[in-house]
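Reading the structure
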Amino acid sequence: MTATVLPARLAEVVEEFADLPKELRLEALLDYSRRVPPLPSRLAGNRDAMEQVHECQTPFFLASEVAEDGTVTLWFEAPPEAPTTRGFAGILAVGLDGASVDEVLAVPDGFYLGMGLHEVVSPLRLRGISAILARIKRQVRAHAAARGPSRGNSS
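Below or above, wherever it landed, is the structure these notes cover. All chains use their own residue numbering, which begins from 1 and follows the written sequence. Residue-level local features of this predicted model are given only where pLDDT is at least 70; pairs of side-chain atoms are given and counted only at 80 or more, and the full residue set underlies all totals for whole chains, interfaces and linings. To get the side-chain values, all heavy atoms of the structure are used, and hydrogens and water are removed first.

Quick look at helix α2 (residues 22–33)
- Buried within α2 we find R25, A28, L29, Y32 and S33. Buried positions in α2, seen along its axis, are confined to an arc of 150° and lie on one side of it. More than 90 degrees from the buried face of α2, the exposed residues found are E23 and E27. Exposed residues in this analysis have more than 50% of their type's maximum accessible area, buried residues have under 20%, and partly exposed residues fall in between, with area computed by a 1.4 Å probe over protein chains only. For helices the rule is a DSSP run of H or I covering at least 4 residues; for strands it is a run of E covering at least 2, with both sets numbered from the N terminus onward. Our arc is simply the arc of the directions from the helix axis toward the C-beta atoms.

Below, the structure is given as structure tokens:
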């Protein structure tokens, strides 16, 4: 695998987990479950405006936006009784929110392996984070394509 540069904030999260002893990684994941920002009023209670990630074992929805300057904003909805899935959302919210389109699209699909999550989370749950990232990339790619090659530099 070639060396890939993660967005700075996501790289910090990956390093934080990698530096933790295995027995503390689940606790850290639970901490990130509390970092999922609340939905804006236009999305709260409006799941039709969000995309469901069916691969997740729990109802999980996401939405993304690309601003005029090309930065990405992410929103997630996952129930509080699904802390693992919410933890994945928290990691992606902290790590990718505000990143550029190119940075988001360049995130390796298995970036979480560097966090050591595969040692503490089941493969079925890890499939969830892969599916979440794939949906984010698809949405961001669609937003960028709709903006055209200038990605927001047009008037």
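Next comes the rest of the account.
A word on the nonpolar core
- By nonpolar core we mean a set of buried residues, namely Ala, Val, Leu, Ile, Met, Phe, Trp, Tyr and Cys, connected to one another through side-chain atoms within 4.5 Å. Counting 42 residues, the largest nonpolar core has F76, I91, F111, L117 and I132 as the members making the most contacts within it.
- Counting only elements with at least two residues in this core, the list comes to α1 (8–19), α2, β2 (61–66), β3 (72–77), α3 (83–96), α4 (101–106) and α5 (123–147).
- Element by element, the count of residues in this core is highest for α5, at eight residues.
- If sequence neighbours within four positions are ignored, I132 has contacts with V53, C56, F60, L62, F76, F88 and L92.
- Membership of the second largest hydrophobic core comes to six residues, among which are L39, L43, A63 and W75. A contact between two residues is defined here by any heavy atoms of the two lying within 4.5 Å.

Quick word on the environment of L10
- Structurally, L10 can be placed in helix α1.
- Between the alpha carbons of L10 and Y32 there is a distance of 12 Å; along the sequence they are 22 residues apart.
- With sequence-adjacent residues up to four places away left out, L10 is seen in contact with I91, G95, L96, V107 and F111.

Details of the pattern of salt bridges
- Any carboxyl oxygen of Asp or Glu within 4 Å of a side-chain nitrogen of Lys or Arg constitutes a salt bridge here. For the coordinates displayed, the defined rule picks out 10 salt bridges.
- Of the charged contacts in the structure, one is a salt bridge between K137 and D109, with a shortest N-O distance of 2.8 Å. In this pair, K137 sits in helix α5 while D109 sits in the loop between α4 and α5, placing the two residues 28 residues apart along the sequence.
- Exposure remark for K137: the relative accessible area of 8% places this residue in the buried category.
- Here the salt bridges do not stand alone but share partners, grouping E51, E55, R135 and R138 into one network.

Quick word on the packing of α2 against α3
- Relative to each other, α2 and α3 sit at 70°, their axes nearing to 7 Å. By the angle between their directions, the pair α2 and α3 is classed as roughly perpendicular. Taking contact as the criterion, the partners of L29, L30, Y32 and S33 in α2 are, on α3, P83, T84, R86, G87, F88, G90, I91 and V94. To get an axis, fit a line to the C-alpha atoms, keeping to the stretch in contact for a helix; angles then go from 0 to 180 degrees between the N-to-C directions. In these notes the angle categories are as follows: under 35 degrees is roughly parallel, over 145 is roughly antiparallel, 65 to 115 is roughly perpendicular, and the rest is oblique.

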